Amino acid sequence: MAQESRRISPDQLRSRWWFDNPDHPGTTALCIERYLNQGITLEELTSGRPIIGICQSGSDLTPCNRHHVELAKRVKDGIRAAGGVPFEFPMHPIHENVRRPTAALDRNLAYLGLVEVLHGYPLDGVVLTTGCDKTTPAALMAAATVNIPAIVLSGGPMLNGWRGAERVGSGTVVWEMRKRLAAGDIDYPEFLSRIADSAPSVGHCNTMGTASTMNALAEALGMSLPGSAMIPGPYKERGAVAYRTGERIVDLVREDLRPSDILTREAFENALVTCSALGGSSNAPIHVNAIARHAGVALDNDDWQRLGHEIPLLANVMPAGAYLGEEFHRAGGVPAVMHELLDAGRLHGEAITVNGRTLAENLAGRETRDPEVIRRYANPLVEHAGFLNLKGNLFDSALMKTSVISADFRRRFLEAPDDPQAFEGRVVVFDGAEDYHARIDDPALAIDATTILVMRGAGPVGHPGGAEVVNMQPPEALIRAGIESLPCLGDGRQSGTSGSPSILNAAPEAATGGPLALLESGDRLRVDLGRGEVRLLVDDATLSRRRERLEAVGGYAYPPHQTPWQEIQRSMVEPLDRGMILAPAPQYRDVARRSPPR
Ligand code: FES
Ligand code: MG
C-alpha cells in the first residue's frame with residue numbers, strides 16, 4: 001500500500017514563520033526585503049507556496065558534481081511548475097580525489113553545515129544534489145537529522161572510459177596501472193594518459209566505487225526517484241529526472257512525507273542487501289551506518305554480515321565485474337537489481353519511497369534488460385558476495401569484501417589442504433601511508449608471498465577522517481616476480497574502486513588504544529574466514545608487557561592537528577564501525593520539528 005496522504009495546509013508550512021508572521025513584523029519584513037531585492041515577488045514569498053532549497057554540491061572544486069550547476073535549472077523548472085519557490089545554496093565542497101588529508105574529513109563538516117542551513121533558513125523541503133563519494137552520505141545524514149521533506153538527485157556516473165576497445169573504469173584503472181608502473185611496464189606519461197582515459201565526461205566515477213554505490217543506495221533506501229541513480233551524467237534522461245525531482249519535492253512537502261517515514265529499519269535492510277548484490281564499496285557500511293544513526297535506526301556491522309553476506313553478486317560492474325555505468329543503466333539500473341532481490345524474497349517490498357509508492361509498486365515490471373550485465377538471482381557472478389564482519393583479539397570489527405576475492409588470491413591463501421577458509425602469515429606493520437611508501441621496498445623487511453601487510457594509524461583519529469590506504473601493493477620486486485597482491489589488514493579504509501580483498505575499517509583503531517597498536521613486525525596472524533576471526537598468535541603476557549610499554553610513552557603517537565576542524569572532529573568522532581559520526585549529533589534528530597527556530 002502506498003503512503004496515506006497526510007496533506008498539510010499552506011499555513012502549516014515552516015517557511016511561514018519567516019515570511020508571514022504578524023507577531024514579529026520587524027523580523028518578518030527583514031526576512032522578506034532582501035529576497036525582494038533579488039526580483040522575487042511578495043506573492044511568491046507570502047502566498048503559501050512551498051519554499052524549496054536546492055543543496056548545490058557541484059562547484060569548480062567538485063568536478064564530479066559540477067554539472068549539477070546546470071541540472072539545478074531543470075530542478076527549479078520542476079519546482080516552479082508544481083507551485084513551489086526554489087532557493088539554491090552551496091554545500092561545502094567535497095572532492096574525493098583532491099581533498100587532503102582525505103575527503104572523508106569533510107563528510108561530517110558538510111553534514112554540520114547543511115544541518116544549520118536546513119534548520120535556520122525558511123525551507124519547507126530540500127533537493128539534495130549528490131554524486132562524488134561523501135556528498136551523498138553527508139546530505140542524507142543532514143536530511144535524517146533535520147527531518148524536513150527531502151529528495152536525492154544523483155548527478156549520475158560519467159560515460160564509460162575506453163582505451164581502444166577496452167573499458168577503462170575510474171579509480172580501478174589506477175590500482176591496475178600502479179602495478180604496471182611499479183613493474184616498469186609503462187612510464188609516467190603513459191600511466192597518466194591511461195588514467196585520464198577513465199574520465200571522459202561529466203559525472204562521478206563510472207565504476208561501482210563509493211559514489212555509484214552511495215547513489216544507488218540512496219535509491220534503494222527510497223530517497224530518490226526510481227531508476228534515477230545510475231542515469232549517466234550527460235544523458236538526456238538526467239535533465240528530465242532533475243525536472244521530475246523538482247516537481248516531486250513540492251508534493252512531498254504538501255504531503256508532509258519526511259525522511260523519518262522513509263528511512264526505516266526495513267529501508268536500511270533493503271539498502272545493505274542491495275549493496276551486496278551490487279558488489280558495492282567497502283565505504284558503504286560506514287556511511288549507511290552513519291545515516292542510520294542520524295535516523296535513529298539501530299544498524300551495525302553484524303547486520304551487514306547476517307543479512308548481506310549470503311546475497312549473491314548480480315551487478316557485473318567493475319571492480320567486482322566487467323562493465324561500467326552505461327551498460328548498468330541500460331540493463332535496468334538499480335530497479336533491475338532490486339527486482340531480482342525482491343523476487344527472491346530478500347527485500348521489504350512494503351517500504352515507502354519518496355514518490356509516495358512502495359518499493360514493490362516501483363519495481364513492478366523492472367526486470368533486467370541484459371542478464372549478462374545484471375544477472376538473474378539464480379545465475380549470479382559470485383555466491384555470498386557481501387561483507388564478512390571479522391572479530392578477534394586485535395579488533396572488535398573489521399570488514400572483508402568477499403565479492404572481490406580473486407581466483408589467484410583464493411588459490412594462494414584459501415585453498416590450503418588443512419582448512420580452505422583459513423591462512424596464517426607473518427606480519428609487517430606500517431604506521432601510516434608515509435611509513436609504507438618509505439619502507440615497502442626495503443629488503444630487510446623480508447616480505448615474501450606469505451606475508452600479511454598491516455596498516456595502522458589510518459583510522460578517523462590517527463589520520464583525521466580515516467585514510468584510504470589499506471589496499472597496499474607488494475614490494476616492486478615481488479610484483480616483478482608475479483606476486484601482485486598480498487593479504488592486507490588495517491584500521492583505515494580503502495577506495496571503493498579497489499578490487500582488493502583487504503581486512504579493513506578495523507575498530508577500535510590503534511590511535512584510540514586498539515590492540516593493533518601492540519602489533520610488531522614478525523608477529524604471526526591467523527585469518528579464519530570460516531569462523532569470522534582474526535587472531536594474533538602472541539601470548540597474553542607478551543601483550544601485557546607491550547601495553548605497559550605503550551602506556552609509559554603516552555599511547556600510540558599520531559601526527560598533530562593541522563586545522564581547527566581536525567582537532568574538533570578528532571575530539572568527538574566515533575569509530576568506523578559506528579559510522580564515524582560526531583558523537584553528540586544523533587540527539588538532535590528531528591530538530592526542525594522539535595525546535596522551531598527562535
Ligand atoms: Fe568523485 Fe570518484 S572521485 S566520484
Ligand atoms: Mg576514495
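None of the values given here were measured: they were computed from a predicted structure.

(A) View of the overall build of the protein. What the protein contains, in helices and strands, is 23 helices and 14 strands. Taking 598 residues into account, the globule formula puts the C-alpha radius of gyration at 25 Å, and the protein, at 24 Å, falls close to it. For the protein, the share of sequence-separated contacts (at least 6 apart) that also reach a separation of at least 24 residues comes to 78%.

(B) Structural context of the sheet that holds strand β4 (residues 150-154). Strand order in the open sheet formed by 4 strands is β2-β1-β3-β4, and the pairing between neighbours is parallel. Single-partner strands in this sheet number two, and they are β2 (85-90) and β4. Put simply, the sheet's adjacent strands are angled 20 degrees from each other on average, direction ignored. Alignment of strand β3 (residues 125-130) against β4, held across 5 bridges, turns out to be parallel. When the sheet's bridge partners are listed, Thr 130 is paired in β4 with Ser 154. Along the sheet face, helix α4 (residues 68-81) touches β1 (51-56), β2, β3 and β4 and points at about 170 degrees away from the line of β1.

(C) Quick peek at the UniProt feature "domain: Dihydroxy-acid/6-phosphogluconate dehydratase N-terminal" (unreviewed entry) in the protein. The feature "domain: Dihydroxy-acid/6-phosphogluconate dehydratase N-terminal" (unreviewed entry), as given by UniProt, occupies residues 49-362 in the numbering adopted here. The span residues 49-362 shows a helical share of 48% and a strand share of 9%, and its end C-alpha atoms are spaced 28 Å apart.

(D) Representation of the domain arrangement of the protein. Looking at the protein, the domain boundaries give domain 1 (161-193) and domain 2 (389-553). Here domain 1 and domain 2 have C-alpha centroids that lie 26 Å from each other. In this assembly, 8 residues from domain 1 lie in contact with 10 residues from domain 2.

(E) Representation of the packing of helix α12 (residues 265-278) against helix α16 (residues 333-343) in the model. Viewed as axis vectors pointing N to C, α12 and α16 meet at an angle of 110 degrees, and their least axial separation amounts to 10 Å. Taken together, the axes of α12 and α16 lie roughly perpendicular to each other. Read as a crossing pair, α12 and α16 show a hand that is right-handed. Contacts between α12 and α16 involve Val 273, Thr 274, Ala 277 and Leu 278 on the former and, on the latter, Val 337, Met 338 and Leu 341. Classifying every residue of the contact of α12 with α16 by side-chain character gives 6 nonpolar, 1 polar and no charged.

(F) Region of interest: helix α6 (residues 135-146). An ideal rise of 1.5 Å per residue puts 16 Å on 12 residues; α6 measures up with 17 Å between its terminal C-alpha atoms. In terms of burial, α6 is a largely internal element, 12 of the 12 residues being buried. Looking at α6, one finds that the buried residues are Thr 135, Thr 136, Pro 137, Ala 138, Ala 139, Leu 140, Met 141, Ala 142, Ala 143, Ala 144, Thr 145 and Val 146. Looking one or two residues past α6, Asn 147 carries a phi angle of roughly 60 degrees, positive in sign.

What counts, and where the lines are drawn
Residues numbered from 1 in each chain as written. Chains lettered and ligands numbered in written order. Predicted model: local features only at pLDDT ≥ 70, side-chain atom pairs only at ≥ 80, totals over all residues. Helix = DSSP H or I, 4+ residues; strand = E, 2+ residues; numbered from the N terminus. Rg over C-alpha atoms; globule rule 2.2 N^0.38 Å. Contact = placed C-beta atoms within 7 Å. Pairing = 2+ DSSP bridges. Axes fitted to C-alpha atoms, helices over the stretch in contact; angles between N-to-C directions. UniProt positions renumbered as here; feature names shortened; annotations may be inferred. Domains from an automatic or database assignment. Parallel < 35°, antiparallel > 145°, perpendicular 65-115°, else oblique. Left-handed = near helix turned anticlockwise from the far one by under 90°. Nonpolar A, V, L, I, M, F, W, Y, C, P; charged D, E, K, R; others polar. Expected span 1.5 Å × (residues − 1). Buried ≥ 20, exposed ≤ 12 C-beta atoms within 10 Å, placed from the backbone.

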